[in-house]
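# Report on the structure
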Amino acid sequence: MNFQQIFGTLPQTEASAPGRVNLLGEHTDYNDGFVLPTAIPQQTTVQLGLSQDGQHHFYSVELDERVSISEGTHTPSGFASYIFGCIRLLEREGYTLAPVNVYVSSAVPIGCGLSSSAALEVATLRGLRSLFSLPLGDVKIAQLGQQAEIQYAGLNCGIMDQMAASLADTHSLLFLDTRTLDRQVLPFPTGAEILVIDSGVHHSLAAGSGYNQRRADCEEAARLLGVKALRDITDPQAVESLPDPLRRRARHVVTEDNRVLEAAAGVSAQRFGELMNASHTSQRDDYEVSVPEVDTLVAILQETPGVFGARLTGGGFGGACVALVAAGYGEGVSLEAIAKYQQAGYRGRVLVPSHSV
Ligand code: GAF
């Protein structure tokens, strides 16, 4: 069913935004730290038009679900919460928005750590900007998207995903300082391409997951260390006085920031891969956001010839693994790794095939 079949009119505008895969810098963004994501080819697209009946209507193709919002409706759940949040935040910024019909279709895998929600937020905000001619820049769109996620979907996230959806492309890495929002577009390591494989364990980070608890742990660690955020600690030794598990949480963040800074300064694919491997160990042992299936897939990838390094990507508790592979090796690596993962009793699938850089 297309927009016209659902809403009875033609769409007036359309906008898209990509998912992202993060190569290094996990759980650093809400600690004012550094991240290194890239956009993935899969996008979320929204079509919009004015609604004639005084209500907002949202439709998701993938879910085949329609949600209507009238005056006084509480925050809806699921995909509609992100769209509702974007509209409410724009109204709180002082914009007057007429009721809209929003038709969502998305190729960004859900629950895999590739930021399907940020893609939806940024696509929705771009669509609303176009429909109502709003003077919103790309960074402002990312900031509003992050607030929609925090205030309307209950995930106390950082700004990496929305900045990546709003500003990254698929050909380069976006090196971002999440405190200042200073950023640099960097090339992939020479001779390498990236490959993303799903572990088959899907996650939901929102309320009740360990994500918000990890953020609270980091804020407590920063308070005990007397700094504004863990980004202000550069020597991992400085966290050793903290009680466990805060010590390990803080150690992950401090060492992860250092890994991003080293990679962003320009290193070989070999070294970049080593930093990714160290990042996975740190996420698994210190930050405790991995799961056994992901550890198995990462270990298989790390041992496969042609792989420089591999790690869990995204918020964790399941999701996908990203590998840095020698140019031209991507297809062979994915076939071998998925076969071995299957022998271990799990089902993996390629989400982002390697592409030349
Ligand atoms: C999720 C969050 F939305 C991001 O802000 C980031 O913290 C990430 O997990 C972990 O690096 O995707």
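Residues numbered from 1 in each chain as written. Predicted model: local features only at pLDDT ≥ 70, side-chain atom pairs only at ≥ 80, totals over all residues.

What follows concerns the sheet that holds strand E8 (residues 183-186). Pairing is antiparallel across the open sheet formed by 3 strands, whose spatial order is E2-E7-E8. The outermost strands of the open sheet, each flanked by one partner alone, are strand E2 (34-35) and E8. (Pairing = 2+ DSSP bridges. Helix = DSSP H or I, 4+ residues; strand = E, 2+ residues; numbered from the N terminus.)

Turning our eyes to something else, we now look at the UniProt feature "domain: GHMP kinase N-terminal" (unreviewed entry) in the protein chain. With numbering matched to this structure, UniProt assigns "domain: GHMP kinase N-terminal" (unreviewed entry) to residues 82-167. For residues 82-167, the end-to-end C-alpha separation is 19 Å, with 60% helix and 8% strand making up the annotated structure. (UniProt positions renumbered as here; feature names shortened; annotations may be inferred.)

On to the site of the ligand, then. Taken together, 13 residues are adjacent to the ligand, and Glu-26, His-27, Cys-157, Gly-158 and Gly-315 come closest. Its residues assigned to classes, the shell around the ligand comprises 4 nonpolar, 6 polar and 3 charged. In terms of domain composition, the shell around the ligand takes at least three residues from each of domain 1 (3-185) and domain 2 (189-352). (Near = placed C-beta within 6 Å. Nonpolar A, V, L, I, M, F, W, Y, C, P; charged D, E, K, R; others polar. Domains from an automatic or database assignment.)

This part takes up helix H3 (residues 116-132). Relative to the 24 Å expected for 17 residues at 1.5 Å per residue, H3 spans 24 Å between its end C-alpha atoms, a close match to the ideal helical length. In terms of burial, H3 is largely enclosed, as 15 of its 17 residues are buried. Positive phi appears at Ser-133, one or two residues downstream of H3, with a value of about 50°. (Expected span 1.5 Å × (residues − 1). Buried ≥ 20, exposed ≤ 12 C-beta atoms within 10 Å, placed from the backbone.)

Core analysis: the largest hydrophobic core is formed by 107 residues, its most contacted members being Cys-86, Cys-321 and Ala-323. For this core, the two domains that each supply at least three residues are domain 1 (3-185) and domain 2 (189-352). Sequence-distant contacts of Cys-86, that is, excluding residues within four places in its chain, are made with Glu-121, Thr-124, Leu-125, Leu-128, Leu-144 and Ala-148. (Core = buried A, V, L, I, M, F, W, Y, C linked by C-beta atoms within 7 Å. Contact = placed C-beta atoms within 7 Å.)

The domain boundaries assigned to the protein chain delineate domain 1 (3-185) and domain 2 (189-352). The centre of domain 1, based on its C-alpha atoms, is set 25 Å off from the matching centre of domain 2. With 28 residues of domain 1 in contact, the opposing surface of domain 2 contributes 39 residues. Listing elements by their share of the side of domain 1 that touches domain 2, those giving two or more residues are strand E1 (13-22), E2 and strand E3 (37-50).

Right, let's get into the packing of helix H2 (residues 79-92) against H3. Put simply, H2 and H3 touch, their axes get as near as 9 Å, and they point 40° apart. One way to sum up the angle between H2 and H3 is to call them oblique. The interaxial crossing formed by H2 with H3 has right-handed handedness. Where H2 approaches H3, its residues Phe-79, Tyr-82, Ile-83, Cys-86 and Leu-90 are matched on the opposing element by Ser-117, Leu-120, Glu-121, Thr-124, Leu-125 and Leu-128. For the contact of H2 with H3, a count of residues per class yields 8 nonpolar, 2 polar and 1 charged. (Axes fitted to C-alpha atoms, helices over the stretch in contact; angles between N-to-C directions. Parallel < 35°, antiparallel > 145°, perpendicular 65-115°, else oblique. Left-handed = near helix turned anticlockwise from the far one by under 90°.)

Strand order in the open sheet formed by 4 strands is E10-E11-E9-E12, and the pairing between neighbours is antiparallel. Each of the sheet's edge strands pairs with one partner strand only, and the pair in question is strand E10 (307-312) and strand E12 (349-352). Geometrically, the sheet is characterised by an average inter-axis angle of 30° between neighbouring strands, direction not taken into account. In terms of strand pairing, strand E9 (residues 192-198) meets E12 through 3 bridges, oriented antiparallel. By the bridge assignment for E12, Asp-198 is matched with Arg-349. Relative to the sheet, helix H9 (residues 292-303) contacts E9, E10 and strand E11 (320-326), its axis offset from that of E10 by approximately 170°.

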